[in-house]
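Analysis of the macromolecular model
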Amino acid sequence: AYLSALPAGVQLFSLFAANPPLVDLVAEIMGNAPQLSEWLQRNPSCLDAVLSADFFDEVATPDTLKADLDHALSQANDIEDVLELTRRWAYEHKFQVGTQVLRGVTDGRRAGPVLTAIADVSIIALWQAIEAEFIRLHGRVEGGGVALLAMGKLGGGELAHRSDLDLIFLYEHAPDASGSDGPKSLVPGLYFTRLAQRLITGITARTAEGRLYELDMRLRPSGDKGPIATRLDGFEQYHRESAWTWEQMALTRARVVTAPDG
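The sections below set out a description of the structure shown in this document. If you're wondering where the values come from, they're calculated on a predicted model, not measured in any experiment.

What follows covers helix 6 (residues 62-73). A rise of 1.5 Å per residue sets the reference length of helix 6, with its 12 residues, at 16 Å; its end C-alpha atoms lie 16 Å apart and thus fit the reference within 8%. Along helix 6, the positions that sit buried rather than exposed are Leu-65, Leu-69, Ala-72 and Leu-73. Taken around the axis of helix 6, the buried residues stretch over an arc of 95°, which confines them to a single face. Exposed side of helix 6, more than 90 degrees from the buried face: Asp-63 and His-71 are the residues found there.

So, in structure tokens, the structure goes:
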């Protein structure tokens, strides 16, 4: 099934012939790690990374990961390229961490912060590209900005390979702002809701490289019935007056992934 799913032109057997230990690794992945095997089918270039001398070394720091993704995205010509390249980059790095766990080089406890850093770097890169494209179309709202709040395992730095991402979108703008200043102006509430939806789609859409992550938005105020993006003062009021105890407990793991400067 793995071989039949590979794209035409992949010289897998030549790779195996030149690197016999690679056959054992692929067999181990096929037999013991279904999710890694799925990633390998979608992105055979992951095997090239295995051959690098540092593949089983400790995965890079968040700053190094960011620089690496920035370099990969320098090849992007449009937002579609950003979506594909970010997915490919994330899968390759998650594959590296998963293989290290499989081989006992690391364990789940140490892998959690690394998988979280990969998610953070991916989310921020997508957000910056999507926001820039959105601003080009709709302009900016005076005094406006959005913070992405990580919750759950993402907020606690404990992601596993099958974890979804718990995110909350919080926005603010000047009290007298009536709309954005772009060619397709939007009133503030609609502006930030649509901007948040663009990122949700960018993360969850299934492209040729697959889906980046599953998202869980149920920790936002009022859960599935609440707005996708919440104004900051409304978020504060909700937690002062209406939140359940478990919702307030969930805030103990909250962490800002990215927010406007200042």
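Next comes the rest of the description.
Core analysis: the largest hydrophobic core is formed by 51 residues, its most contacted members being Ile-118, Phe-169 and Leu-199. Elements represented by at least two residues in this core include exactly helix 6, helix 7 (79-102), helix 8 (108-138), strand 1 (145-151), strand 2 (165-172) and helix 10 (188-204). The biggest single contributor to this core is helix 8, with 14 residues. If sequence neighbours within four positions are ignored, Phe-169 has contacts with Trp-127, Val-146, Ala-147, Leu-148, Ala-196, Leu-199, Ile-200, Met-217, Ile-228, Ala-229 and Thr-230. Formed by 19 residues, the second largest nonpolar core is a distinct cluster that contains Phe-16, Leu-22, Leu-25 and Phe-95.

Turning next to the environment of Gly-210. Tracing the chain through its elements places Gly-210 in the loop between helix 10 and strand 3 (215-216). Classification of Gly-210 as buried rests on a relative accessible area of 1%. Apart from the residues within four sequence positions on either side, Gly-210 is in contact with Arg-42, Arg-87, Tyr-91 and Ala-205.

Turning next to the packing of aromatic side chains. A full pass over the atoms with the stated rule returns six aromatic pairs. With a centroid separation of 6.3 Å and 50° between ring planes, the pair formed by Phe-55 and Phe-95 is classed as tilted. Of this pair, Phe-55 sits in the loop between helix 5 (46-50) and helix 6 while Phe-95 sits in helix 7, and the two are 40 residues apart along the sequence. Across this residue pair, the class does not change: Phe-55 and Phe-95 are buried. Put simply, the rings of Phe-134, Tyr-171, Tyr-191 and Phe-192 touch in pairs and so form one group of aromatic residues. Against the face of Tyr-213 rests Lys-94, its NZ or CZ located 4.1 Å from the ring centre.

Reading the values: rules and limits
- Residues numbered from 1 in each chain as written.
- Predicted model: local features only at pLDDT ≥ 70, side-chain atom pairs only at ≥ 80, totals over all residues.
- Heavy atoms only, no water.
- Helix = DSSP H or I, 4+ residues; strand = E, 2+ residues; numbered from the N terminus.
- Expected span 1.5 Å × (residues − 1).
- Buried < 20%, exposed > 50% of the residue type's maximum accessible area, 1.4 Å probe, protein only.
- Arc of directions from axis to C-beta.
- Core = buried A, V, L, I, M, F, W, Y, C linked by side-chain atoms within 4.5 Å.
- Contact = heavy atoms within 4.5 Å.
- Phe/Tyr/Trp six-rings, centres within 6.5 Å; stacked < 30°, edge-to-face > 60°.
- Lys NZ or Arg CZ within 6 Å of the ring centre and 35° of its normal.

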